[in-house]
Amino acid sequence: LAPPFAPIQCPVEELHACFPPGHFDVVHIRNALDHVFDPLLGIERMLHVVRAGGWVLLRHARNEGVPGHFRNGLHQWAFDTIECPESQAASR
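Residues numbered from 1 in each chain as written. Predicted model: local features only at pLDDT ≥ 70, side-chain atom pairs only at ≥ 80, totals over all residues. Heavy atoms only, no water.

J.: I keep staring at the overall build of the protein and nothing clicks. Help me out?
T.: For the protein, the helix and strand inventory stands at three helices and two strands. From first element to last, N terminus to C terminus, the protein shows the α and β order α-β-α-β-α. Along the longest, intermediate and shortest principal axes, the C-alpha atoms of the protein span 40 × 35 × 25 Å. Counting every position in the protein, which comprises 92 residues, the buried fraction comes to 20%. Taking contacts inside the protein between residues at least 6 apart in sequence as the whole, the part at least 24 apart equals 67%. In the form shown here, the protein has an accessible surface area of approximately 7,200 Å², with 58% of it arising from carbon and sulfur atoms. Side chains of the protein give 7 positive and 10 negative charges; the mean places of these two sets differ by 4 Å. (Helix = DSSP H or I, 4+ residues; strand = E, 2+ residues; numbered from the N terminus. Buried < 20%, exposed > 50% of the residue type's maximum accessible area, 1.4 Å probe, protein only. Contact = heavy atoms within 4.5 Å. Areas by Shrake-Rupley, 256 points an atom, 1.4 Å probe, with all protein chains shown as cover. Lys, Arg positive; Asp, Glu negative; His and termini not counted. Charge placed at Lys NZ, Arg CZ, Asp CG, Glu CD.)

Right, here's the structure in full:
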């Protein structure tokens, strides 16, 4: 069984160089954005490669590096959530 496309490795900050604008219907990152050098740039690049009307899905543990005080070097950032009224979330 051969996949239709070979997977490639591409840092999230470099997605614009690996894929054309609007290339994907869904861009998903899970428990990885807290490990990158520039998470805001990574989110911007994900928005660049998803089609208009597509989905960018971010899924992460809350403040995962905080308990270890970021000592092991794996976690560069801590993410938390804020309450967002459903009407605002749907319009973004």
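J.: Sorry, what's going on with the packing of aromatic side chains here?
T.: Working definition: an aromatic ring pair is given by the centre-to-centre distance plus the angle between the planes. Overall, the coordinates contain one aromatic pair when judged by the stated rule. Ring centres 4.8 Å apart and planes at 70° place the aromatic pair Phe19 and Phe24 in the edge-to-face group. A relative accessible area of 18% means that Phe19 is categorised as buried. (Phe/Tyr/Trp six-rings, centres within 6.5 Å; stacked < 30°, edge-to-face > 60°.)

J.: What exactly am I supposed to notice about the environment of His75 here?
T.: By secondary structure assignment, the location of His75 is in the loop between strand E2 (50-59) and helix H3 (86-91). Distance from His75 to Phe24, taken between C-alpha atoms, is 27 Å for residues 51 residues apart in sequence. Discounting residues that sit within four places of it in the chain, His75 has contacts with Asp34, His35, Glu64, Gly65 and Phe70. At a separation of 3.3 Å, a polar atom in the side chain of His75 contacts the side chain of Glu64. (Polar contact = N/O pair within 3.5 Å; in protein donor to acceptor, adjacent residues only side chain to side chain.)

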